[in-house]
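# Commentary on secondary and tertiary structure
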Amino acid sequence: SRPLTPQAAFAHLSLAFRCDMFTLQQRVQVEKRARDAAEENIQEELGQCQAALEVGRHWGGGGALLGTSSPCRLGQLQVLLAVLGAAVKRATSAAEKLGAVHQVWTWVLRDQEMGGHDQHVENLKRHHMREHAELEEMKRLIQQNSRNRQ
């Protein structure tokens, strides 16, 4: 196969970049939906735990439920659930930051890759110019030889 012209190489890279941007937007939307669903599920689970604690509190102060007569134990569980909810929010935030870092890293790698493609296009241009100069020189020599024969 013949090497691509600089224009064809640029068009090829431009199309690939546009396709990648489109799939990136789709991936971002999918990740947002997955994150929102996970957060909703966690909040629902925490809400169910809080509701169960409330039922336990109204059901004899939690003594039969927890194996202890201390209502203080229910308060401790509610505090632990609140701490767990805050930890989930921090973990979600940290996961989003990590995702952003990964995305930036991907862009850095892609930028470096594009630099390599730019260099390749420049090499193709130089090769084309050299071949063009050689062909012009051959053309000049052929014309000179044909004049000498006449």
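Residues numbered from 1 in each chain as written. Predicted model: local features only at pLDDT ≥ 70, side-chain atom pairs only at ≥ 80, totals over all residues. Heavy atoms only, no water.

## Observations concerning the overall build of the protein chain
Going by this rule: In DSSP terms, a helix is any run of H or I states spanning at least four residues, a strand is any run of E spanning at least two, and both are numbered starting from the N terminus. Relative accessible area decides the class of each residue, using a 1.4 Å probe on protein chains only: under 20% of the type maximum gives buried, over 50% gives exposed, and in between gives partly exposed. Any two residues whose heavy atoms approach within 4.5 Å are treated as being in contact. Using a 1.4 Å probe, accessible areas were evaluated by the Shrake-Rupley method; residue-level cover was limited to the displayed protein chains.
Looking only at helices and strands, the protein chain features three helices and zero strands. The order of helices and strands in the protein chain, counted from the N terminus, is α-α-α. Looking at the 150 residues of the protein chain, the share that counts as buried comes to 11%. Put simply, 63% of the contacts in the protein chain that link residues at least 6 apart link residues at least 24 apart. Carbon and sulfur atoms form 61% of the exposed surface of the protein chain, whose accessible area is close to 12100 Å².

## A few points about the side chain of Gln78
Structurally, Gln78 can be placed in helix H3 (residues 72–149). With sequence-adjacent residues up to four places away left out, Gln78 is seen in contact with Gln50, Leu53, Glu54 and Arg57.

## A look at the environment of Gly99
Here Gly99 lies in helix H3. For Gly99, a relative accessible area of 37% puts it in the partly exposed group. In this structure the C-alpha to C-alpha distance between Gly99 and Glu31, which are 68 residues apart in sequence, comes to 9.8 Å.

## A short note on the pattern of salt bridges
Side chains that differ in sign of charge can pair as their charged atoms come close. The criterion, for reference: By definition here, a salt bridge exists when the distance from a side-chain nitrogen of Lys or Arg to a carboxyl oxygen of Asp or Glu is within 4 Å.
Following the criterion strictly, the structure yields three salt bridges and no others. The salt bridge partner of Arg35 is Asp36, with a shortest N-O separation of 3.1 Å. Judged by its relative accessible area of 33%, Asp36 is partly exposed. Ionic pairing is found between Glu122 and Lys125, a salt bridge with its closest N-O pair at 3.6 Å. Here the residue Glu122 and the residue Lys125 both occupy positions in helix H3, the gap between them amounting to three residues, near one helical turn. Residue classification places Lys125 among the partly exposed residues on the basis of a relative accessible area of 39%.

## Here we look at the environment of Ala8
Of note, Ala8 is situated in helix H1 (residues 6–58). When the C-alpha atoms of Ala8 and Val121 are compared, they prove to be 9.9 Å apart, with 113 residues separating the residues in sequence.

## Here we look at a nonpolar patch on the surface
In plain terms, the rule: Surface patches are defined over residues having more than 30% relative accessible area and no salt bridge, joining like charges when they lie within 9 Å and nonpolar side chains (Val, Leu, Ile, Met, Phe, Trp, Tyr) when within 5 Å.
Taken together, the side chains of Val104, Trp105, Val108 and Leu109 present a nonpolar region at the surface, about 370 Å² in accessible area. Within the secondary structure, Trp105 sits in helix H3.

## Digging into the confidence of the model for the protein chain
For the record, the criterion: Along the chain, pLDDT gives the predictor's confidence residue by residue, from 0 to 100.
Looking at the protein chain, the pLDDT average stands at 77 and 85% of residues meet or exceed 70. Here helix H2 (residues 63–66) is the element of the protein chain with the lowest mean pLDDT, 50, and H3 is the one with the highest, 81.

## Digging into the side chain of Thr92
Relative to the elements of secondary structure, Thr92 occurs in helix H3. Here Thr92 falls in the buried class, since its relative accessible area comes to 17%. Setting aside residues up to four positions removed in sequence, Thr92 forms contacts with Arg35 and Glu39.

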